[in-house]
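# Coordinates in review
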Amino acid sequence: MGAFDVWSSGIDPDFVVTTRGPVPSAEVTRVVRGLGRILRRHGVEGPVRARLHRPDSEDVTTLVQVAIRAQGKAYRVQVTGPGRFAVTFALERLDLRLACPPEELSRPWPDPSRPSLATVGEPRPIVQRKDFALEVVNAAAASRVLDAMDYDAHLFTDAESGSDAVVCRTGPLGVRTVRQHRDGVPVLREDEAAV
């Protein structure tokens, strides 16, 4: 793992861009200028965190992540892609998100930048684990979090059933809810024969 470089404007210390790997300074400039235009257009003020991770190998995609606070809510976009395209896609996705009312889903489906979670392919390793308390909400509220934070899947406690559930980007409508059923294994009554 390489070191991180942090760029912060002397004018606005709440606007921070973190880079990892051989990220050209021109890409940092594109991110700063693009974010500046988008935030001005939507009247957003407040802390901005952007992260660009460009691996040493050309075969591996670039990761761009932007986190902001707008309209009293946290928003995040995360895009992987080849080089400069990842920056463009991330900026476009953030602009699209901010243009939508907070209660509406903004991400088009199918999304060409990400495959459906139902796609079967090579097993992928778990790369990060986080412990956190699950939010108790209904599926519609969980879908709004999924969209605002640009997740592929979001784990929550279903307010209607009390069981753990996931909303994920898949299926013909784009968002699907999968609930855990806590029903126990049926117990045989005394008069039933266990064969």
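For the structure, see preceding data.
Presented here is an overview of the structure given in this document. (Residues numbered from 1 in each chain as written. Predicted model: local features only at pLDDT ≥ 70, side-chain atom pairs only at ≥ 80, totals over all residues. Heavy atoms only, no water.)

### Some details on the pairing of strand E5 (residues 73-81)
Counted only if it meets this: A pair of strands counts as paired when DSSP detects no fewer than two bridges linking them. Helix and strand labels come from DSSP, where a helix needs a run of H or I of at least four residues and a strand needs a run of E of at least two; each type is numbered from the N terminus.
One ladder, built from nine bridges, connects strand E4 (residues 62-70) with E5; its direction is antiparallel. The residue of E5 that forms the bridge with Val 66 is Val 77. Between E4 and E5, which pair antiparallel one after the other, the connecting turn spans two residues, and Gln 71 there sits at a positive phi close to 55°.

### Observations concerning helix H3 (residues 139-148)
One turn of the α-helix equals 3.6 residues, which is why residues spaced by three or four share an orientation. Cut-off, in case you're wondering: Using a 1.4 Å probe on the protein chains alone, a residue whose accessible area is under 20% of its type maximum counts as buried, one over 50% counts as exposed, and one in between counts as partly exposed. We call two residues in contact whenever any of their non-hydrogen atoms come within 4.5 Å of each other.
Within H3, seven of the 10 residues are buried, which leaves the element mostly enclosed by the surrounding structure. Taken residue by residue, H3 has Ala 139, Ala 141, Ala 142, Ser 143, Leu 146, Asp 147 and Ala 148 as its buried positions. Where H3 is buried, its residues meet E5, helix H2 (83-99), strand E6 (136-137), strand E7 (153-158), strand E8 (164-170) and strand E9 (174-179).

### Regarding empty space enclosed by the protein
Heads up, the rule is: Lining residues are those with an atom within 4 Å of a point, where the points come from a 1 Å grid over the protein atoms alone and group into cavities, where a 1.4 Å probe fits but cannot get out, or pockets, open sets with protein on both sides within 12 Å along at least five of seven lines. Grid points are joined across faces, edges and corners, and a volume is the space filled by probe spheres set on the points.
Overall, the coordinates contain two cavities of 30 Å³ or more when judged by the stated rule. In this structure, the second largest cavity is lined by Val 23, Pro 24, Glu 27, Leu 52, Arg 54, Thr 62, Gly 83 and Val 87.

### Structural notes on the environment of Gly 43
For Gly 43, the location among the structural elements is in the loop between helix H1 (25-41) and strand E3 (48-53). Between the alpha carbons of Gly 43 and Gln 71 there is a distance of 9.6 Å; along the sequence they are 28 residues apart.

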